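# Per-entry structural report
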Amino acid sequence: MKGALLVGGAAVAAAVVALRAWSEGLRYGGNSPYFVCSLAAAVLVTYLVSVRLLRRGERALGRWLLATGASLLLYLIATALAVEYGGLRGQRDLFTQTAVILHAAGYILPITLLQVCLVVAGARLGVVRHRGQWCAWWLLGYSALYLIFSAVTMPVGEPYQDIRPLWKLGGAEEWSWVPALPWMAGVFAGPLVLWRAVRRARGEVRSRTLTVAVLSLAPIGTILFCVLSWLMASWSGVLSVELGEAGLAVMFSLPFVVCALGLRDALESRAASGGERWMRVLATSVGVPFAIVVVGVSAIIGSHLGAVLPIVVATLLIAGSLAPLRRRLLHALAVRADPVRARTARLVQERGSDLNPARTTQEILRQALDEPDLRLLLRLPEQRGWVTVDGLLEPEAGVPMGESARLLMTHASSADVLSCQAEVAPLIDRALLEVAVRDQAARVEKAVSDERRRLERDLHDGVQGRLLALALDLKMAEPTVDGEARLLLNDAAESLTAAIGELRALAGGSVPDLLSRRGLKAALTDLTGGLPTPVRLSIPEERLPADVETVAYMVACEAVTNALKHAGAESITVEVAVEAGCVTVRVSDDGCGGADLRAGTGLRGLSERVRTAGGHLMISDDKPHGTLLEVVLPCG
């Protein structure tokens, strides 16, 4: 508390001295209220954050941030002494010259120390290696040399233009700006080191590292603002000198405040900021420079046009033309920073057009998160529960991915899930639509099947019984008549029997009555028993759900028919297996092959029927060794 009062008192005292000179008529950018007040606020915030970090055990970062705050305070004190002794009193002794020189070159060291703080934070998180740290130390060493060079060679300018530099460069004075270039490029040191290192972060450390990497972009926004302000003031005359100085003063101090507070949040012992938070920070960091560019360019254009409507139109056009660039830059930075998201984006680009979005999304997430056993759960419409991509009902569990999807996994973190979510969101929407359509089709199919069974039962108990009784009466009446009448009664009885069979088949649809009464094994045994080609059956005795048995029977019928009719098979094998909540139907033959889903309507219709039931159909053709048709159906 005493240290805060001491630092705050020194900053306030220096600000009061500089502002008193401003009120007495000594006015220039170096002692404007905007610069002095914002610099004092930056000193106080930086000091308080550094003390908090030191108390929490972050000694390395706390000390470097404390050094940054001390350099800002020294800059503010040098400004106050310069305006008091060199401005108001007009002194030109060694003390005053030292204060004026420190005031003229004092901005060099704080900006460099801020870059060092960002790199040290990355090293504390374990993602910045020795090469990145050496980059920060070289930048700090060069900045110290450049500070000394500037202090002895830099012309001071108004209102201290009569103070001459200690070392005159003579003919080389016009090249005095060259040593400033490496120092100015040093503002990109933090972003380059951190955005390269952030790809090595994993789990919760990634959220912290991404926050620091986004903070490193703040000084770049200051440079961009300075360049545009200079253009708006010198080239177009939009900004006045006073307004330009005010903007530059605030933008100089703002990165110190933002970075100090951001580093505190990123390195505190509590849980790191979530993915959504750092994405908002990134969007702001990218959006603010674009807003500055839009406003600056529009103002420059408006200064030449001199009318309100053209300015509005120019602003809208510039904002609209730069919006796609901003979105691409934001996406590129997000993908660059997150290897999981980058891997997901690549997989989505490669496989995002597959016809089965639910299964494709699950496979993409398995590869992106390195979870071979990951399962994707999707919410059914009308809050009727959750299903897997195979259509099996599951209780609500796992890590949420939005409101309508969940992931069952073992070791992947929630941060990785958030990284994937932004890239697979369109695929998840398509998967939800597929599940909704498939669920609706299954409900319709079940309703139709139930109605068909009801109709079949009613016909069996009612009309069919009466027709059978009528056929029996006709048979019994045959002995009582002779000749042509007996033939007519016999034909009528046979026609009536055939009509009963057709009526039974019509009521049962394309599924035989034996299937509904005795199950899949009995129906397939009856189907293949009279075929000239031997068919080997491997079917469990247990009964399956009626809708699953119906689809499995249709699959076996279509596959056996194709093997006999088109492949010329000499042996056929039909296997049905039940495992892990799924029914697998395999039909293989030794025919000539050539089965193609695109060639005939039978297999295409069968594929649609299987997909409606929540399954998938695969055909492998190894000409001339035969064909294998495999169907996997959910059996909840």
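The shown structure was predicted, so the numbers you read here are calculated from the model rather than taken from an experiment.

What counts and what doesn't
- Residues numbered from 1 in each chain as written.
- Predicted model: local features only at pLDDT ≥ 70, side-chain atom pairs only at ≥ 80, totals over all residues.
- Heavy atoms only, no water.
- Helix = DSSP H or I, 4+ residues; strand = E, 2+ residues; numbered from the N terminus.
- Contact = heavy atoms within 4.5 Å.
- Areas by Shrake-Rupley, 256 points an atom, 1.4 Å probe, with all protein chains shown as cover.
- Buried < 20%, exposed > 50% of the residue type's maximum accessible area, 1.4 Å probe, protein only.
- Core = buried A, V, L, I, M, F, W, Y, C linked by side-chain atoms within 4.5 Å.
- Axes fitted to C-alpha atoms, helices over the stretch in contact; angles between N-to-C directions.
- Parallel < 35°, antiparallel > 145°, perpendicular 65-115°, else oblique.
- Left-handed = near helix turned anticlockwise from the far one by under 90°.
- Nonpolar A, V, L, I, M, F, W, Y, C, P; charged D, E, K, R; others polar.
- Expected span 1.5 Å × (residues − 1).
- Pairing = 2+ DSSP bridges.

This part covers the overall build of the chain. Of the regular secondary structure elements, the chain holds 22 helices and 10 strands. Across the chain, the fraction of contacts at a sequence separation of at least 24, relative to all contacts at a separation of at least 6, is 69%. Surface accessibility of the chain: about 32,300 Å² in total, with carbon and sulfur atoms responsible for 62%.

In this structure, Phe95 sits in helix H4 (residues 94–105). Taking C-alpha positions, Phe95 is 9.4 Å from Ala82, a pair spaced 13 residues apart along the chain. Apart from residues no more than four positions distant in its own chain, Phe95 is found in contact with Leu81 and Tyr85.

Relative to the helices and strands, Thr533 is located in the loop between helix H20 (520–529) and strand S6 (535–538). The class for Thr533 is buried, based on a relative accessible area of 14%. Non-local contacts of Thr533, meaning those with residues more than four positions away in its chain, are made with Leu564, Ala569, Glu570 and Ser571.

We now examine the nonpolar core. One finds Leu61, Val212 and Leu263 to be the most contacted residues of the largest nonpolar core, which totals 72 residues. If we skip the residues at most four places from it in the chain, Leu61 touches Leu53, Cys117, Val120, Ala121, Leu263 and Leu267. Grouped together as the second largest cluster of nonpolar side chains are 32 residues, Ile572, Leu617, Val631 and Leu633 included.

Another point: the packing of helix H1 (residues 2–23) against helix H3 (residues 59–88). Where H1 contacts H3, the two axes come as close as 9 Å, and the packing angle between them is 30°. Relative to H3, the element H1 is oriented roughly parallel. In the crossing of H1 with H3, the sense of the turn from one axis to the other is left-handed. Along the contact surface, H1 presents Val7, Ala10, Ala11, Ala14, Val17, Ala18, Arg20 and Ala21, while H3 presents Leu73, Leu76, Ile77, Ala80, Val83, Glu84 and Leu88. Broken down by class, the residue content of the contact of H1 with H3 amounts to 13 nonpolar, no polar and 2 charged.

The subject of this paragraph is H4. Think of an α-helix as 3.6 residues a turn; residues three or four steps apart then line up on the same face. End to end, H4 covers 16 Å across 12 residues, agreeing with the expected 16 Å (1.5 Å per residue, within 8%). Every buried residue belonging to H4 is among Thr96, Ala99, Val100, Ile101, His103, Ala104 and Ala105, and all of these are buried. Close packing links the buried residues of H4 with H3, helix H5 (108–124) and helix H6 (130–153).

This next bit is on the sheet that holds strand S4 (residues 399–400). With antiparallel pairing, the 5 strands of this open sheet are ordered in space as S3-S2-S1-S5-S4. For this open sheet the edge positions go to strand S3 (393–394) and S4, each flanked by a neighbour on one side alone. Note that strand S2 (residues 386–387) and S3 share 2 bridges and pair antiparallel. Each bridged residue has a counterpart across the sheet, and for Trp386 the counterpart in S3 is Glu394. Helix-sheet contacts for helix H15 (residues 357–369) involve strand S1 (375–379) and strand S5 (405–408), and the interaxial angle to S1 is about 135°.

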